[in-house]
Amino acid sequence: MELRTLILSVLSLAALSGCTSSASPDAPAAPSPAPAAASNQGAAAASGVIPEELPRFIGQDGWIAEAVVKPMRLQQFRLAGDAGAGDVELVIASWPNGIGPRSANLDRWATQMGLPSVEPEQVTEQDVRHFRVATVHLEGAYTPVDGPTQPKGMGLLASMVEVPGEARCWTIKATGPAATVTRWKDSYLRFIAGL
């Protein structure tokens, strides 16, 4: 991993973990209160040491750190598409009080892709340190929470990171043209393996 990418990732987490919100991506972001978990993670990154109980959200080579523009987001990155292909937006969000059962979140992601549900064979589960991680890779017509449906040919790579026995969790979601999502899949999986 390039030193520049690592430094940008740490600085992004430290500066932006407070979660900000603005009317548009071009407008200056106004600070909003950070969830406790986000504040703790930001302080940890500022000190250069991430406590063992928190995931290590360290951007990969080629990931472009962006300003966080919505509440609950810890970090966001832009993953560039090939010439003529659209980029992928990758968002890491913190849910200090949980966000419901894993199955409900997986099905919510499926619904956003125009699918009835997530089939068991579409879910990859793994243990990374003391976290339980469920990851899906889906394709379809993506409907974001706050926008119109995108055309078919969109892709989604998403993971739910849980601490067994605790409510708190984190979600990581990469969305964009299916070809660009697939192009970055190996990088995404390395990121998950490094949590």
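Caption draft 1: Main features of the pairing of strand β7 (residues 131-140). Of all the 10 residues making up β7, seven are buried; the element is thus mostly covered by neighbouring parts of the structure. In this structure, strand β6 (residues 123-128) lies alongside β7, joined through six bridges in antiparallel fashion. Of the residues in β7, the one forming a bridge with Q126 is V133. Between the end of β6 and the start of β7, which pair antiparallel, lie two residues, with R129 showing a positive phi angle near 55 degrees. In the sheet, β7 pairs with strand β8 (residues 154-162) via nine bridges, with the strands oriented antiparallel. Paired with E139 across the two strands is G155, which belongs to β8.

Caption draft 2: A look at the sheet that holds strand β3 (residues 64-66). The strand order across the open sheet formed by seven strands is β3-β4-β5-β9-β8-β7-β6, and the pairing between neighbours is antiparallel. Of all the strands in the sheet, just β3 and β6 have a single pairing partner and so form its edges. With strand direction ignored, the average angle separating the axes of adjacent strands in the sheet is 20 degrees. Where helix α3 (residues 102-112) meets the sheet, it contacts β6, β7, β8 and β9 (169-177), and its direction lies at approximately 170 degrees from that of β8. Across the sheet, helix α5 (residues 185-193) lies against β5 (88-95), β6, β7, β8 and β9, angled at about 5 degrees from β8, the strand it touches most.

Caption draft 3: Focus on the layout of surface pockets. Estimates place the volume of the largest pocket at around 610 Å³. Of all the secondary structure elements, the ones that give two or more residues to the lining of the largest pocket are β4 (73-79), β5, α3 and β9. Across the lining of the largest pocket, the residue classes tally to 14 nonpolar, six polar and eight charged.

Caption draft 4: Structural detail: the packing of aromatic side chains. In this structure the tally under the stated criterion is four aromatic pairs. Ring geometry for W63 against F191: centres 5.0 Å apart, planes inclined by 45 degrees, an arrangement best described as tilted. Of the two residues, W63 sits in the loop between α2 (36-47) and β3 while F191 sits in helix α5, which places them 128 residues apart along the sequence.

Calculation notes
Residues numbered from 1 in each chain as written. Predicted model: local features only at pLDDT ≥ 70, side-chain atom pairs only at ≥ 80, totals over all residues. Heavy atoms only, no water. Buried < 20%, exposed > 50% of the residue type's maximum accessible area, 1.4 Å probe, protein only. Helix = DSSP H or I, 4+ residues; strand = E, 2+ residues; numbered from the N terminus. Pairing = 2+ DSSP bridges. Axes fitted to C-alpha atoms, helices over the stretch in contact; angles between N-to-C directions. Contact = heavy atoms within 4.5 Å. 1 Å grid on protein atoms, 1.4 Å probe; cavity = no way out; pocket = protein on both sides within 12 Å on 5 of 7 lines; lining within 4 Å. Points joined across faces, edges and corners; volume = space filled by probe spheres on them. Nonpolar A, V, L, I, M, F, W, Y, C, P; charged D, E, K, R; others polar. Phe/Tyr/Trp six-rings, centres within 6.5 Å; stacked < 30°, edge-to-face > 60°.

By themselves, these are just geometric observations and shouldn't be taken as functional.
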